Amino acid sequence: MMQTRSLTGAATVIVASLLLAGCTTPQGAATQSDIEALRSEIADLRTRLDSVARTSEAAAQNASEAAARAEEAARAAKTASEKADRIYTQSLRK
């Protein structure tokens, strides 16, 4: 989560810098409408990055839950195998 937030902040700063550099008039100054367009684009970028962060966090959570279920299934399989071995061994003794 923290790494994603750092990436979001860094990407926002980089994109804002690049967009502001592109928002110059022949006189060299950005107009108010250029600045507003830049703010809008930054807000859109933040929204998209937050969405990606939420998606990746959900995927990580799902992977963690799947790993836990896999461990539980492995334990159950081991228990079943041990039980089958005991039953087989007992049947050989009779």
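Residues numbered from 1 in each chain as written. Predicted model: local features only at pLDDT ≥ 70, side-chain atom pairs only at ≥ 80, totals over all residues. Heavy atoms only, no water.

A.B. asks: Outline the overall build of the protein, listing residues and values.
C.D. replies: When its secondary structure is counted, the protein shows two helices and zero strands. Here the protein, with 94 residues, has 10% of them falling under the buried criterion. About 7,400 Å² of surface is accessible on the protein, with carbon and sulfur atoms providing 59% of the total. (Helix = DSSP H or I, 4+ residues; strand = E, 2+ residues; numbered from the N terminus. Buried < 20%, exposed > 50% of the residue type's maximum accessible area, 1.4 Å probe, protein only. Areas by Shrake-Rupley, 256 points an atom, 1.4 Å probe, with all protein chains shown as cover.)

A.B. asks: Provide a residue-level description of the pattern of salt bridges, including the pertinent values.
C.D. replies: Considering all chains together, one arrives at two salt bridges under this definition. For Arg 39, the salt bridge goes to Glu 36, with nearest N and O atoms at 2.9 Å. With a gap of three residues between them, Arg 39 and Glu 36 both fall in helix α2 (residues 32–93), about one helical turn apart. (Salt bridge = Lys/Arg side-chain N within 4 Å of Asp/Glu carboxyl O.)

A.B. asks: Pulling in residues and values, what's your account of α2?
C.D. replies: In this model α2 runs 91 Å from its N-terminal to its C-terminal C-alpha over 62 residues, within 8% of the 92 Å that 1.5 Å per residue would give. Where α2 is concerned, the buried positions are Leu 38, Ile 42, Leu 45, Leu 49 and Ala 53. (Expected span 1.5 Å × (residues − 1).)

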